[in-house]
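Okay, here's what each chain looks like letter by letter:
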Amino acid sequence: MVSLTSASRRPATGLHTPSKMIAASSPASILKTSKTPTSAAGLKHKMEEMDLSLSPASSMASDADGLPSPRKKTRVQFDEDVEMREISYNDKTQSGSQGTTDKSAAVVREEVRRAIQRHVSGGDSEAYDRVKEIFTINPRRRDANGMPPSNIPTHNTLKHHLMGLLSNVAALDRSCNGLVQAVLDSEWLGRDESYIKLYIRFLGNLAAAQGSYLGSVLKVLANYMGELPKGTGKLPGYPHVDPVEAYTRVHMAMRHVLHLVPSGSGSLSQIISSQFPFDTDSAKANIAYTQNLVKVIRYAPELQADILALITEKLVKIDVQIQVDMDDLEDEEGEEVLHAISPETVMFAEDLDDDDDDNASVMSDESIEPESRRLKTIKENILKMDGMIDTLFDYYAPTFTSGSPDDKENALDLLLSHFSTIILPTYRSRHSQFLLFHFSQASPVLVDRFAATCVQLIFNKAQPAILRQSAAAYLASFVARGAHISSEVVRDVFELLGTHLNTLRLDYEPSCRGPDLRRFGPFYSTAQALLYIFCFRWRDLTTAAMEGDTPEQIDELEPEDITFPPSIRDVLHKAILSKLNPLKVCSPAIVSQFARMSQHLNFIYVFTILETNKRLRMSTYRNIAALSDPRYSHVERETRAGDDLGYQLDAYFPFDPYQLPRSRRWLEGDYVEWRGIPGLDDRDDDEDSDDLEEASDDEDDLSVGTETDHE
């Protein structure tokens, strides 16, 4: 047997202890491990309270309590009968089921220090490579008999080596990139709490001491914010770590790194943008990444604007793709796609080891027919859109529900910024803008803010015509469909737009030879906005409403008793009867509904104009200079063939009914629903004129907000 004594005299043999001989003593635990599994709620609480301030020096002293003081000479006596042998780097013995004999933390720390020192100085890298191998071995690997290979490091071995790296983090320069990357790529999320604390401390100290590794550390953590790799949280010999707990650990690490290196926020902003899941990635990946980005804002508020803008950009891109794909489907087929998606679909925190993952990327399934694959792709995109925008609704809701007036103003400023720079310039955005529709109605002040933003864009001649046209559509749709918008606001917006329309008419009429969308676009977009508001909110525009009558009382009036003030009536009369002829250019669905209503309410009779417009060719009044422009040659041919597409406004009103199955719950009570006109919509079919029957075909399109092409 080998014995260590503290005799005062030197050993008679004069021999020193061989370098490869170690004491077979059990090393003390560096970190205390919780005896019971930690719940998700407990981990969140520990994000606030977890102590990551472990001192390597003090820990090593406690581990080395059983060793003799380095100031004293040790007397070594050898038993001549003892068997001498070398212990390998990861030698194991059979003690229980998986008993091991590990080197003490103090010994490993010294070995790690020497390995790094020799490698950095250009000397022998054998020990350095052995340390790197400790972190590159797959802990899940098993042989043909289901047993782990002999070279898989034990828990203590792995922890002691990580502690050794932590103690020597200042020496891990660029020449040690391979070792550092091995540690960053190693399995850590599924290990016990003591190892998690140690690993997070290592990440923080590495980023703080070696700035060149900051980006790598943040990128590794960002990679875990999407869909977790299969098997994450399931390591042999450790309790199962579910996805919610795994994500919590990632945020603990991210927060600790940003706390030690505040300037890391700038790098993180670029990293999370580049790491956002691809278009072909699953709905689960996109939704999980969105939810985790929102959580980053809690401990890195300086990234709020960047993160929310990034999510909004991705939302709009997916939104437009959905609309393009849905346009290729028949109406009934599109409805079936939406109804096939359940609001209760689980899109987050699922068991990632299921063999049949319903949210796996549909693009990888090549066994299904192209048509089925296309429908599956549309459903996947709807799931992405639904889950991501639901996350944003959930993020903004507390501020608008219980925040201070200043908090609400700041939140709306952020939404308005995204609206002006991301949503408004994007054609055919269908759902992203409903964040504004919902939260702008939280108070009269916020209603005015959004309406004023749209008005400023409409009146700003420095803005491109297409943006001014879109702003008019947004304002009209907001005022027409917002259930929490007062009658006073409806009348104020209508009169403001009416004044603007009259000014445009006076500017354009002298040079007008007939309807021309390209030359007089702002006039037609404003006129269509007014027609749309009239169709939905005509009750609020009547004289009776100005005198205080409710919509129900107005419905009880006879048509001849319903009147409109001159500021409402005259502006539309002059515009409709002008040479600009807005009824030819505005969307036929809106024009048809307005014609029915205005006749019944004795507002204006326009069916004569509609009949004339049927025989009117747009090419007759085209700008002479434009006829020779090659950019319009293909449009000219289409027009001469009798197709007015390209010369009529789309029936695009961005706040028409919202149909995403999960997130539509946020918009309950926000809509002005379509209400039939008493005395008109309930009359018998045999009393309807042929014109009204034809126009009524378009009423459904207007009332449900769908686009219809008219030949």
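Residues numbered from 1 in each chain as written. Predicted model: local features only at pLDDT ≥ 70, side-chain atom pairs only at ≥ 80, totals over all residues. Heavy atoms only, no water.

Draft legend 1. Representation of the overall build of the protein chain in the model. Counting secondary structure elements, the protein chain contains 29 helices and two strands. Here the protein chain holds 711 residues, and the buried ones make up 49% of them. By element, 49% of the accessible surface of the protein chain is carried by carbon and sulfur atoms, the whole surface being about 34,600 Å². (Helix = DSSP H or I, 4+ residues; strand = E, 2+ residues; numbered from the N terminus. Buried < 20%, exposed > 50% of the residue type's maximum accessible area, 1.4 Å probe, protein only. Areas by Shrake-Rupley, 256 points an atom, 1.4 Å probe, with all protein chains shown as cover.)

Draft legend 2. Up close: helix H18 (residues 465-481). Between its first and last C-alpha, H18 extends 24 Å over 17 residues, near the 24 Å set by a 1.5 Å rise per residue. For H18, the tally of buried residues reaches 14 of 17 residues, placing the bulk of the element in the interior. (Expected span 1.5 Å × (residues − 1).)

Draft legend 3. Seen up close, the side chain of Ser477. Its place among the elements puts Ser477 in helix H18. Filtering out sequence-adjacent residues up to four positions away, Ser477 remains in contact with Gly482, Tyr532, Phe653, Pro654, Phe655 and Asp656. (Contact = heavy atoms within 4.5 Å.)

Draft legend 4. Structural view of the packing of helix H11 (residues 283-299) against helix H14 (residues 370-402). Where H11 contacts H14, the axes come no closer than 8 Å and their chain directions differ by 15°. Relative to H14, the element H11 is oriented roughly parallel. Crossing of H11 against H14: the hand is right-handed. Judged by residue contacts, Ala283, Asn286, Ile287, Thr290, Gln291, Val294 and Ile297 of H11 engage Glu380, Leu383, Lys384, Gly387, Met388, Thr391 and Tyr395 from H14. Its residues assigned to classes, the contact of H11 with H14 shows seven nonpolar, five polar and two charged. (Axes fitted to C-alpha atoms, helices over the stretch in contact; angles between N-to-C directions. Parallel < 35°, antiparallel > 145°, perpendicular 65-115°, else oblique. Left-handed = near helix turned anticlockwise from the far one by under 90°. Nonpolar A, V, L, I, M, F, W, Y, C, P; charged D, E, K, R; others polar.)

Draft legend 5. Just the packing of helix H15 (residues 405-423) against helix H17 (residues 444-459), in detail. Running from N to C, H15 and H17 point in directions that differ by 25°, and their axes come no closer than 11 Å. Accordingly, the angle class assigned to the pair H15 and H17 is roughly parallel. Of the two elements, H15 crosses H17, and the hand of that crossing is right-handed. Along the contact surface, H15 presents Lys408, Glu409, Leu412, Asp413, Leu416, Phe419 and Ser420, while H17 presents Val445, Leu446, Arg449, Phe450, Thr453, Cys454 and Leu457.

Draft legend 6. Region of interest: helix H6 (residues 177-184). Taken as a whole, H6 has its buried residues at Leu179, Val180, Ala182, Val183 and Leu184. Close packing links the buried residues of H6 with helix H3 (105-120), helix H4 (126-136), helix H5 (155-167), helix H7 (193-209) and helix H8 (214-223).

Draft legend 7. Region of the structure containing the pattern of salt bridges. Under the defined criterion, the tally for this structure stands at 20 salt bridges. Put simply, Glu126 and Arg130 hold a salt bridge, and the shortest N to O gap is 3.3 Å. Here the residue Glu126 and the residue Arg130 both occupy positions in helix H4, the gap between them amounting to four residues, near one helical turn. Look at Glu126 and you get partly exposed, because its relative accessible area is 48%. (Salt bridge = Lys/Arg side-chain N within 4 Å of Asp/Glu carboxyl O.)

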